[in-house]
Amino acid sequence: MSFQDDLVELRRALHREPEIGLHLPRTQEKVLTALDGLPLEIATGERLSSVTAVLRGARPGPAVLLRADMDALPVHEKTDVPYRSRLDGRMHACGHDLHTAMLVGAARLLAGRREELAGDVVLMFQPGEEGQEGARLMIEEGVLDAAGARPVAAYGIHVFSTTIPRGLFLTKGGPVLAAVDTLTVTVRGRGGHGSAPHRALDPIPAACEIVTALQTHVTRAYDVFDPVVVTVGSFHAGTADNVIPDEAVFEATVRTFSAGSRDRVKEGLVRLARGIGEAHGLSVDCAFGNGYPVTVNDDAEAEFAAQTVREVLGEDRYFPLPTPATGSEDFSYVLEQVPGAFLVLGACPPGRDLATAPANHSAEAEFDDAVLSDGATLLAELAIRRLARA
Ligand SMILES: [Zn+2]
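Quick notes on the rules
Residues numbered from 1 in each chain as written. Predicted model: local features only at pLDDT ≥ 70, side-chain atom pairs only at ≥ 80, totals over all residues. Heavy atoms only, no water. Donors = N, O, S within 2.8 Å, 3.2 Å for Na, K, Ca; no water. Helix = DSSP H or I, 4+ residues; strand = E, 2+ residues; numbered from the N terminus. Buried < 20%, exposed > 50% of the residue type's maximum accessible area, 1.4 Å probe, protein only. Phe/Tyr/Trp six-rings, centres within 6.5 Å; stacked < 30°, edge-to-face > 60°. Lys NZ or Arg CZ within 6 Å of the ring centre and 35° of its normal. Pairing = 2+ DSSP bridges. Axes fitted to C-alpha atoms, helices over the stretch in contact; angles between N-to-C directions. Contact = heavy atoms within 4.5 Å. Parallel < 35°, antiparallel > 145°, perpendicular 65-115°, else oblique. Left-handed = near helix turned anticlockwise from the far one by under 90°. Nonpolar A, V, L, I, M, F, W, Y, C, P; charged D, E, K, R; others polar. Polar contact = N/O pair within 3.5 Å; in protein donor to acceptor, adjacent residues only side chain to side chain. Core = buried A, V, L, I, M, F, W, Y, C linked by side-chain atoms within 4.5 Å.

*Asks:* Explain the coordination of the zinc ion to me, using residue names and the numbers behind them.
*Replies:* Taken together, Cys94 (SG), His96 (NE2) and His158 (NE2) make up the protein donors of the zinc ion, found 2.2 to 2.3 Å from the metal. Mapping the donors of the zinc ion onto the primary sequence yields the spacing C-x1-H-x61-H. Of the two residues, histidine 96 is situated in helix 3 (residues 96–112) and histidine 158 in strand 5 (residues 153–160); the sequence distance between them amounts to 62 residues. For histidine 96, a relative accessible area of 0% puts it in the buried group. We classify histidine 158 as buried; its relative accessible area is 7%.

*Asks:* Which residues make up the packing of aromatic side chains, and what are the values?
*Replies:* According to the stated counting rule, one finds four aromatic pairs in the structure shown. Pairing phenylalanine 235 with phenylalanine 250 gives two aromatic rings, centres 5.9 Å apart and planes at 0°, and the pair type is stacked. You can see phenylalanine 235 sitting in strand 10 (residues 228–237) and its partner phenylalanine 250 sitting in strand 12 (residues 247–256), a full 15 residues away along the chain. Over the ring of phenylalanine 288 we find lysine 266; its NZ or CZ atom is 5.7 Å from the centre of that ring.

*Asks:* Give a detailed account of the sheet that holds strand 10, specifying residues and quantitative values.
*Replies:* The four strands are arranged 10-12-8-13 in an open sheet whose pairing can be described as antiparallel. The sheet terminates laterally at strand 10 and strand 13 (283–290), the two strands that pair on one side only. Between one strand axis and the next, the sheet turns through 20° on average, direction left out of account. Pairing geometry for strand 8 (residues 179–188) and strand 12, over ten bridges, is antiparallel. Each residue of the ladder has a partner; that of valine 187, found in strand 12, is alanine 248. Along the sheet, helix 5 (residues 203–221) makes contact with strand 8, strand 10, strand 12 and strand 13, crossing strand 10 at roughly 170°. Across the sheet, helix 6 (residues 259–279) touches strand 8, strand 10, strand 12 and strand 13, and the angle it forms with strand 13 is around 160°.

*Asks:* Describe the packing of helix 1 (residues 3–16) against helix 2 (residues 25–35), naming the residues involved and giving the relevant values.
*Replies:* Where helix 1 meets helix 2, the closest approach of the two axes is 10 Å, and the angle between their N-to-C directions is 165°. As far as their axial angle goes, helix 2 and helix 1 are roughly antiparallel. Here helix 1 and helix 2 pass one another in a crossing that is right-handed. Here helix 1 contributes Leu10, Ala13 and Leu14 to the contact with helix 2, which in turn contributes Thr27, Lys30 and Ala34. A breakdown of the residues in the contact of helix 1 with helix 2 according to their chemical character gives four nonpolar, one polar and one charged.

*Asks:* Describe the side chain of threonine 100, and please don't skip the residues or the numbers.
*Replies:* Within the secondary structure layout, threonine 100 lies in helix 3. Side-chain polar atoms of threonine 100 contact the backbone oxygen of aspartate 69, separated by 3.2 Å. In terms of polar contacts, threonine 100 uses its side chain to reach the backbone carbonyl oxygen of histidine 96, at 2.9 Å.

*Asks:* Before we move on, could you go through the environment of alanine 34 and cite the residues and values that matter?
*Replies:* Residue position: alanine 34 is located in helix 2. Leave out the neighbours within four places in its chain, and alanine 34 touches Leu10, Val104 and Arg108.

*Asks:* Could you give an account of the nonpolar core, with specific residues and numbers?
*Replies:* Counting residues in hydrophobic clusters, the biggest one holds 56 residues, and the most contacted among them are Leu35, Leu66, Leu110, Leu123 and Phe125. Among all residues touching phenylalanine 125, those that are not within four sequence positions of it are Val31, Leu35, Ser50, Val51, Ala68, Met70, Thr100, Leu103, Val104 and Met138.

*Asks:* Would you mind going over the sheet that holds strand 4 (residues 118–126) in detail, with residue names and values included?
*Replies:* If you trace the eight strands from one edge of the open sheet to the other, you get 1-2-4-3-5-16-6-15, paired in mixed fashion. Since the sheet does not close on itself, it has two edges, and those belong to strand 1 (40–44) and strand 15 (318–320), each with one partner. Across this sheet, the average inter-strand angle for adjacent strands is 25°, counted without regard to direction. With five bridges joining them, strand 1 and strand 2 (residues 51–56) adopt antiparallel strand pairing. Bridge assignment links threonine 44 to a residue of strand 2, and that residue is valine 51. Set on the sheet, helix 3 makes contact with strand 2, strand 3 (59–69), strand 4, strand 5 and strand 16 (340–346); between it and strand 3 the angle comes to about 160°.

Limitation: the analysis is restricted to geometry and does not speak to function.
Structure representation (structure tokens):
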């Protein structure tokens, strides 16, 4: 069977049997089987079913890390591909099955080219990207020290089922994905009769004032070229027109593109909410739920990755990513500690309209596995060329 056909078979086996979260025993088993016989030092996770594989090059040198996430989503698949999910309510709707197969492919290519390797390659097969902080847990369990020394660079690829032409790689230096946090604000007053507000302490007008003030604050306090998005998506208070409630509660999603604005927005929003509450004699509780940090590519590593795509696959296979996207990724935790680059890869199946094809996370999302061998080749070349430069 050809290299590409083999990866397609693995990808489809993963796709048929998706697993969610940090514990992916069947997925882990498939990866271990696929890596079997390669000259790798393999370790599995304790708190999650991760696989860390180290390939030692023929010559000594530093280490480079390549990462794939492996988890699926709680989505009921509605495609009619022959390899669709056999499990109700679980689907590889974000293409992580392709990422896993591409990294297995890279492992095979690299194992065959060990003589060229001046250093080590750490292969990071990660569960729990979809909100369970799998990358952070793997870092805590030592993935960044798996080869002995900290990697000098780290790379990852994410496929997209829409918008991007099939086979096109995009990246950029600097922020590529947002940090996402949740702000919950509880405004506490004192309930009473709607006819006599002076005998109560009404939390509703103050909470409304805070909601609008948040938007004003965002437009006045942050650089427009380092954007901040605050959206209040839920607001709850009261039960009837003539009853003043004790409290009003709202939740906002907060998206930022730099660590600096992320820190400042947390402080700024809380100060504003508390200050407005205090002005009305109310108490305000603010709670931040931390999501993933900003995914920031190293400028030089992004340029190196772009150059590698152009040299290995062709000039027309690369396009600069025009702006960051507002989604988030836990590969950000790796890129906080190791300079590297995260690339996106178009995988919209032929025959689908790029503009309207269902997006990642949709029950109808489809990813074309024709991109697998190129993805694997690129990962392997990034490692070989980066080690040759170090
Ligand atoms: Zn994803």
